[in-house]
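A closer look at the structure
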Amino acid sequence: MQWGLTHLSASYHRMIGLDCILLLILRLSLGWALSYKQGENVTLYVNKVGPYHNPQETYHYYTLPVCRPEKIHHKSLTLGEVLDGDRMAQSLYHIPFRENVERKTVCQLTLTEKQVDQLREAIEELFYFEFVLDDIPIWGFVGYLEESGFLPHSHKVGLWTHLDFNIEYNGNAVIFANVSVKDVKPVILEEGAGAVVGGVGVGGHSLTVTHTYSVHWFESNLPHSRRAERLRDYSFFPKTLEIHWLSIINSLVLVVLLLGFVIIILMRVLKNDFARYNVEEEAGCDDLDQGDNGWKIIHTDVFRFPPYKSLLCSVLGVGAQFLTLATVIIVMALLGMFNVHRHGAINSAAIVLYALTSCVSGYVSCCFYTQINGQRWVWNIILTSSLFSAPLFFTWSIVNSVHWFSGSTQALPATTVLLLLGAWVLVGFPLTVIGGIVGKNRAGSFQAPCRTRNIARQIPAQPWYKHTAVHMAIGGFLPFSAISVELYYIFATVWGREVYTLYGILLCVFAILLSVGACISVALTYFLLSGEDYRWWWRSILSTGSTGIFIFAYSVFYYWNRSSMSGLVQSTEFFGYSLLTSMVFSLMLGSVSFWASLAFIRYIYCSIKMD
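This is a predicted model, so every value here is computed, not measured. (Residues numbered from 1 in each chain as written. Predicted model: local features only at pLDDT ≥ 70, side-chain atom pairs only at ≥ 80, totals over all residues. Heavy atoms only, no water.)

1. Structural notes on a nonpolar patch on the surface
The cut-off we apply is this: Any residue with relative accessible area above 30% and no salt bridge may belong to a patch, with like charges joined within 9 Å and the nonpolar Val, Leu, Ile, Met, Phe, Trp and Tyr side chains within 5 Å. To be clear on the numbers: accessible area is Shrake-Rupley with a 1.4 Å probe, and residue cover counts the displayed protein chains and nothing else. Salt bridges, as used here, are contacts in which a Lys or Arg side-chain nitrogen is within 4 Å of a carboxyl oxygen on Asp or Glu. Here a strand is any run of E in DSSP of at least two residues, a helix any run of H or I of at least four, and the numbering for each starts at the N terminus. For every residue, the accessible area (1.4 Å probe, protein chains only) is compared with the maximum for its type, and the residue is labelled buried under 20%, exposed over 50%, or partly exposed between those bounds.
Taken together, the side chains of Ile249, Val253, Leu257, Phe261, Ile265 and Val269 make up a nonpolar region of the molecular surface, amounting to roughly 550 Å² of accessible area. For Leu257, the location among the structural elements is in helix α6 (residues 244–280). Using a relative accessible area of 46% as the deciding quantity, one classes Leu257 as partly exposed.

2. Comments concerning the nonpolar core
For the record, the criterion: In this text, buried Ala, Val, Leu, Ile, Met, Phe, Trp, Tyr and Cys residues form a nonpolar core when linked through side-chain atoms within 4.5 Å. Start and end positions for the domains come from either an automated domain assignment or a database one. By definition in these notes, contact holds between two residues if any of their heavy atoms fall within 4.5 Å.
Counting residues in hydrophobic clusters, the biggest one holds 73 residues, and the most contacted among them are Phe368, Leu529, Trp536, Tyr558, Phe594 and Tyr605. Within the residue set of this core, elements represented by two or more residues are α8 (309–334), α9 (345–356), α10 (358–371), α14 (468–494), α15 (503–530), α16 (536–545), α17 (547–562) and α18 (568–606). Considering each element in turn, this core owes the most residues, 15 residues, to α18. Both of domain 2 (308–446) and domain 3 (467–610) provide at least three residues apiece to this core. In this view, Phe594 contacts Leu312, Leu316, Phe368, Trp536, Trp537, Ser540 and Ile541; residues no more than four positions away in its chain are not counted. Formed by 47 residues, the second largest nonpolar core is a distinct cluster that contains Val49, Leu119, Phe131 and Val215.

3. Section: unusual backbone geometry
Positive phi, close to 45 degrees, is recorded for Arg103, a residue that is not glycine. With respect to the helices and strands, Arg103 occurs in strand β4 (residues 101–112). With relative accessibility at 55%, the residue Arg103 sits in the exposed group. The phi dihedral of Leu126 is positive, around 55 degrees, even though this residue is not glycine.

4. Side note on the packing of aromatic side chains
Condition: Pairing of aromatic rings covers Phe, Tyr and Trp, the last counted by its six-membered ring, and requires centre-to-centre distances within 6.5 Å; plane angles under 30 degrees mean stacked, over 60 mean edge-to-face, and any other angle means tilted. Geometrically, a charge over a ring is one whose NZ (Lys) or CZ (Arg) sits within 6 Å of the ring centre while staying within 35 degrees of the ring normal.
A full pass over the atoms with the stated rule returns 52 aromatic pairs. A centroid spacing of 5.1 Å and a plane angle of 75 degrees characterise the contact between Phe97 and Trp217, whose relative ring orientation is edge-to-face. Taken together, the residues span a long stretch of sequence, with Phe97 in the loop between β3 (89–90) and β4 and Trp217 in strand β12 (residues 206–219) at a distance of 120 residues. Note on accessibility: Phe97 and Trp217 belong to one class, buried. Pairing Phe594 with Trp595 gives two aromatic rings, centres 5.3 Å apart and planes at 80 degrees, and the pair type is edge-to-face. According to the relative accessible area criterion, Trp595 is partly exposed, its value standing at 33%. The ring of Phe446 is capped by Arg602, whose NZ or CZ atom sits 4.8 Å from the centre of that ring.

5. Some remarks on the pattern of salt bridges
Across all of its chains, the model carries 6 salt bridges by this definition. Residues Lys48 and Asp86 are paired through a salt bridge, measuring 3.0 Å at the closest nitrogen-oxygen approach. In this pair, Lys48 is assigned in strand β1 (residues 44–51) and Asp86 in the loop between α3 (79–83) and β3, connecting sequence segments 38 residues apart. The closest approach of N and O atoms between Asp301 and Arg304, which form a salt bridge, is 2.5 Å. Taking the relative accessible area as the measure of exposure, Asp301 reaches 1% and is therefore buried.

Functional significance is not addressed by these values, which are geometric in nature.
Given below as C-alpha cells:
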C-alpha cells in the first residue's frame, strides 16, 4: 500500500535540531515529569498507523483521510525516535487537564469513494493507530472488521468515528492513558459507494462522517516515578513473556552443567598430557618428533602466522567493538536509562556508542596486526572501519528504499541520513584511525613460548569429525542453545511490541553465552592440536562464529512459525537486519573464542619443558 506524503515530507526534514538535543537530555534525566494546571491543555500527538501483524510497516497517521489541521505542526524528535519510525504531529483533540469532555466534535469529513476504499483497505489489514500523550503511547484500531457465516457470508467493515480517552492522573502529573470504543457503534463502510450526501467524489458518491471524542479523568495513587509499571500491565498487543523466568532458569542450569563437564574433562586430559610430556622430555626434542606425541610435536608450527592476517585482525577488532558496545548498553539498561516512556532512547544510545567505540576496533585490530608482522597497517585500518559499516550501509539502502517506495515512516528523512553519515565520517572513522595509530605504536612483540621453524610441518590426514564444518556445527550450536530461549524474547521485543525489562537476566545470559563460546573454542582447539593440525587461527574464529548461522536460521523459523509478519516491506527489513544481527554475533563470538584459544595455547606450551 503506497500513500502520498508530499504534504508531510517538508516537515520531516526539520524534525532534528537543537531542540531535539535538549529533549534528549531531558528524557535521559531521571525523574523528569511534566506538571499541568487545572484546565491546561494536554497536547495529544498523532503518530503512526500500520498493520497489526507487521510492526515495522508504519505510515503517518495523516496519510489516512482523517481529521487534520490546516497546517500540520510536527513535534521535534530525537534521533532514536526517528529511527523508530515515529512521526508525531499535533492533533485537533483538545484535552483539558482533569476536566471531563463529553462527545465533542473534532471535525466533519466528506469522504470520496476513493477515500472510503482506502479506509476499507486499512481496516481489512487490521490497521491500528498510535497517539502519544505526555510520552504515553495510546493504541487503538482504526476500524471494525467482522467475518461471519458461510451461507450467507457476511463481511462488514466499520470505521470508529468516536473515541473515549481514559486518563489517569496523580496530583498534577499524567500517569496513564488509553482509548476505548466500548458502547460505540462504527460507521459501516460499504464497498464501492457510500451515502450520497452532496459533493462529488470518485464515481459520483461520497460519505459524510463526523468524528467526535470524550475525555474522562480518573485519580490514581501510583506515583509518577512508577508509571512505567502501569503501561507494562496494559495489554493492547499480545503478551508472550509469562514463562520467562522458568525458561531462563532451565537454560542456565543446562549451560552450567555443560560448562562443568567440558572444564572437568579437559583439565583431566591436560593433566595427563603434562605428566607424559614432561617425563618424556629427557629423551630430547628431536626424539619426540619421531613419535606420536600429539600437540607437543607441532610446537614449532603452532604459532606460525595465518594467511589473510589483515582480515583476521579486522574481525578481532570489530568483534571487540561490539563486545564493548553490548556490555555498555546492558549496563546502561540496568541503570534504568531505557524505559517504556523514552521513545527510541536505546536506538540513540546504540548509534552514539557505535561511533564512540570505533576506537576499540581500530586499536585491537592494528595492535595485533603489528604484533604478527603485518606491514600494510593503513589498509588494515580501512578494512576494519568498513568491515561492518559497508554491509550495514548496503542493507540499509535496500531496506530504506523499500520503505520510501511504500511511503512508510520507517524511511529516514534526508536530514537524519546526513546526520548518521556525519556521525560516521566525523566521529566513527577518525576514532578508528586514532585507535589504530595508538595500537600500532603501543604494539609489542608477539609473545610466543615456542620458536617457529622456517619450513612448515606436514599435516597428517584428519578424520571426518575434525573437519572444519563439523567443528562449526558443534561450536555454533552449543552457544546458540545457551541463548535460544532468551533469543525468542529478544525477537518478540525487536520485531514485535513486547516491552523488555529483565536486563539482569539478559546480562546473565550474555555472560553465559561468552563463557560457553570460550570453553567450546578451547575444547575444539585442543582436539585440533591433538591431531597435529596447527591451523587453529581461523578455525577458532569460525568454530563459534558460526553461531550467527544458527541465529539466522532461527530468524527464518521465527518469521514463518512464531510471527504473523508478511509483505515486501516487513520481509525486506526483517531478513536484512537479521543478516546484520547474525554478522554481529559471529564477529563478537569469533573474537571471544580466538582470544580464549590463544590464551589456552600459550598456557599449555608454557607448561611443558622444551629446548
